[in-house]
Amino acid sequence: MKHRLKFTARKLVRIALLLLGVSLAAFLLMDASPLDPLQTNVGQAALGSMSQEQAARLEEYWGMNTPPAERYLNWLRDALRGDFGTSLLYRRPVLEVIGQRISNSLGMLVCAWVLSGVLGVALGVLAGTRRGRWPDRLIRGGCLVVSSTPSFWLALLLLMIFSVWLKVLPIGFSAPVGTETAAVTLGERLRHALLPALTLSVTGAANIALHTREKVADVLDSDYILFARARGEAHIVCRHVLRGVALPALTLQFASVGELIGGSVLAEQVFSFPGLGQAAVAAGLGSDMPLLLGITVVTAALVFGGSLVADLLYGVVDPRIRRGEAKI
Amino acid sequence: MEPILTVERLSVTFDRYGQGLSRTGVSAIRELSLTVEPGRVTAVVGESGSGKSLLAHAIFHLLPGNARMEGTIFYDGAPLTARRAAELRGREISLIPQGVTYLDPMMKIGGQLRRGRRDVAARTRCREALERYGLGPEVEEMYPFELSGGMARRVLIASAVMDAPRLIVADEPTPGLDARAAKRILGHFRELAEEGAGVLFITHDLELACAAAHKILVFQEGRRVDEVPARCFQTGEGLTHPYSAALWRAMPRNWPEV
């Protein structure tokens, strides 16, 4: 029990420091950015035709006259109270924008995440158990090619094949153009999420497959597999290999949340998918400080949550931790 | 007596890739012959690294992929081919490995011993096998990391006797145990032999081999250099090879008086 409390306390301190650091870093980078918020968002011509007063009001709106330290502290004080401010671009509360964007992205991200895990482990086990033979060479070669391919390029390739040549999948967006939000069916949503999800999962799966293959090879070379064979056991892969691979696969799977969110920024951009990643790009290019900080904090918390879940699952899956902890 | 296991001119070589495409064979076992009779304990004594474990793995046809095996192994009068070995493993021929690393760290002892069978007969046999070596039913629920060294060895032996084997190959089953625990383990081997199984006991400890075995083979650098009844090492007579004579002289009780 004491052990659990200590573990929780340590994790809480860690996430607090992490979020603080990440938000500060994002703020400083954004502040150092050479983009002039007025010129980018209002446009050179419009700015020129504006009166001094109007320009001053806009400068005030974009927070250009407040010193950076004060701006950050103001944001921090409000954020601690749960108020993440109002998005300057969308003119709605940041949390609302993030909530809506997440609900757009979530299905696609979860699909990609599950697909990459299942595909990665399956291919990894297949390659690992057939080491040196053609399935192994094929899978390994494929994975190496895919993981050295930039994901935006892969996205463009998929777009060209499925949307331009074959014309079987939509070219972008999360719903058909010109349809009311209420009228969009689940099937249409899925069709639109398919290509971005595929892009993300193919990249993720390659990584997981390569790691899983190594682990499977290690397990197959271990003493206990030799002994299992000597005892005439029939289902070595199901009984022993999958067990041995489960822990590292779980870690990888939850650690990949970060890569997934990072990848979604590019993939959503290519597919014009109105998700969280695209909002991050818009906020960054449009100098929308509150939105960018909000997205940064939320995604950092998601990534942290991913590895936290992996830590907790370890305790459940690994008997050495589960029973060892019970004894402390 | 008809031997249960006959190994004839067994050689095991490993392929090693040198610079470029050159490939050389490194031989680990050279033209080894031995027999194991039912009801007897045959000990193979040799230093660490003399290829003893490979002998055990070769009998089970479980050598690593880069190893090549020559010579013949007969089990119960017929050649022990890879296919036949696969059929016999875990039924008639049993391996007792060195230690706890041979148990799956993520799996409970009971499940490993039962090999996935869940029927009542398997459960009873598992409980009886553990009980025979002084391990209670609570051991079934334990994971390998919760066992002491001695318990792990007894679990491994229990796993070997689950199916009344006719040939038992024990690969260094005693290191790390104190003298009393080791004695007890050896007692178990003799007992298994008395029940009719042929036991091949592989060890680096000549003294233990003398205590447990009927027949001792001395193994040096992958070759058999001597084969004598165990009593020869009591008196030192009948040791034909200088290496085994040197081994005999190295036993503490044969040290010259100071």
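Residues numbered from 1 in each chain as written. Chains lettered and ligands numbered in written order. Predicted model: local features only at pLDDT ≥ 70, side-chain atom pairs only at ≥ 80, totals over all residues. Heavy atoms only, no water.

Student: What exactly am I supposed to notice about the domain arrangement of chain A here?
Tutor: By convention, interface size is frequently given as the accessible area that disappears when the constituent parts associate. Residue and element names in this part refer to chain A. What the domain assignment reports for chain A is domain 1 (15-80) and domain 2 (102-327). When each unit is reduced to the centre of its C-alpha atoms, the spacing between domain 1 and domain 2 is 35 Å. The partner domain 2 presents 14 residues to the 16 residues of domain 1 that form the contact. Interface of domain 1 and domain 2: buried area, both sides summed, is about 1,300 Å²; carbon and sulfur atoms make up 82% of it. Seen at the junction of domain 1 and domain 2, the total is 0 residue pairs in polar contact (both at pLDDT 80 or more). Broken down by secondary-structure element, the contributors of at least two residues to the side of domain 1 that touches domain 2 are α1 (2-32), α2 (37-42) and α5 (68-80). Ranked by the residues each element gives to the side of domain 1 that touches domain 2, the list is headed by α1, at 9 residues. (Domains from an automatic or database assignment. Contact = heavy atoms within 4.5 Å. Buried area = accessible area lost by both parts, 1.4 Å probe. Polar contact = N/O pair within 3.5 Å; in protein donor to acceptor, adjacent residues only side chain to side chain. Helix = DSSP H or I, 4+ residues; strand = E, 2+ residues; numbered from the N terminus.)

Student: Would you mind going over the confidence of the model for chain A with me for this structure?
Tutor: Regions with low pLDDT carry predicted coordinates that are not meant to be interpreted in detail. In the predicted model, chain A carries a mean pLDDT of 85, and 97% of its residues have values of at least 70. Here helix α3 (residues 44-48) of chain A stands out as the least confident element of chain A, with mean pLDDT 70; helix α7 (residues 134-147) of chain A is the most confident, with 92. (pLDDT = per-residue confidence, 0-100.)

Student: Even after reading the chapter, I still don't get the interface of chain B and chain A, so can you show me in this structure?
Tutor: Contacts between the two partners involve 28 residues from chain B, matched on the other side by 20 residues from chain A. Summed over both partners, the interface of chain B with chain A buries about 2,300 Å², with 62% contributed by carbon and sulfur atoms. Joining chain B to chain A, the criterion identifies 0 salt bridges. The interface formed by chain B and chain A contains 8 residue pairs in polar contact (both at pLDDT 80 or more). Contributions of two or more residues to the side of chain B that touches chain A are made by β6 (93-96), α3 (109-114) and α5 (149-160) of chain B. The element best represented in the side of chain B that touches chain A is α3(B), accounting for 3 residues. Class assignment of the residues belonging to the side of chain B that touches chain A gives a composition of 15 nonpolar, 7 polar and 6 charged. (Salt bridge = Lys/Arg side-chain N within 4 Å of Asp/Glu carboxyl O. Nonpolar A, V, L, I, M, F, W, Y, C, P; charged D, E, K, R; others polar.)

Student: Mind showing me how you'd approach the packing of aromatic side chains here?
Tutor: What describes a pair of aromatic rings is the distance from one ring centre to the other and the angle between the planes of the rings. Under the definition given, this model contains 6 aromatic pairs over all chains. Ring plane angle 50° and centroid distance 5.2 Å describe the contact between A:F27 and A:Y72, whose orientation is recorded as tilted. Remark: A:Y72 occurs in helix α5 and A:F27 occurs in helix α1; sequence separation between them is 45 residues. On the basis of an interplanar angle of 25° and a centroid distance of 6.5 Å, the ring pair of B:Y143 and B:F145 is categorised as stacked. Residue classification places B:Y143 among the buried residues on the basis of a relative accessible area of 7%. The partly exposed category is assigned to B:F145, whose relative accessible area is 34%. (Phe/Tyr/Trp six-rings, centres within 6.5 Å; stacked < 30°, edge-to-face > 60°. Buried < 20%, exposed > 50% of the residue type's maximum accessible area, 1.4 Å probe, protein only.)

Student: Whenever I open this one, the sheet that holds strand β10 (residues 223-229) of chain B confuses me. Can you help?
Tutor: Strand pairing in a sheet relies on backbone hydrogen bonds. The paired strands run either parallel or antiparallel. Residues and elements named next belong to chain B. Spatially, the 6 strands line up as an open sheet ordered β6-β7-β8-β3-β9-β10, and their pairing is mixed. Looking along the sheet, the strands with just one partner apiece sit at the ends: β6 and β10. Pairwise comparison of adjacent strand axes, ignoring direction, gives a mean angle of 15° for this sheet. Sheet topology note: the strand β3 (residues 41-46)/strand β8 (residues 198-203) ladder contains 5 bridges and is parallel. Bridging from a neighbouring strand, A43 pairs with F201 of β8. Packed onto the sheet, helix α6 (residues 179-194) meets β3, β6, β7 (167-171) and β8 and runs at close to 155° relative to β8. (Pairing = 2+ DSSP bridges. Axes fitted to C-alpha atoms, helices over the stretch in contact; angles between N-to-C directions.)

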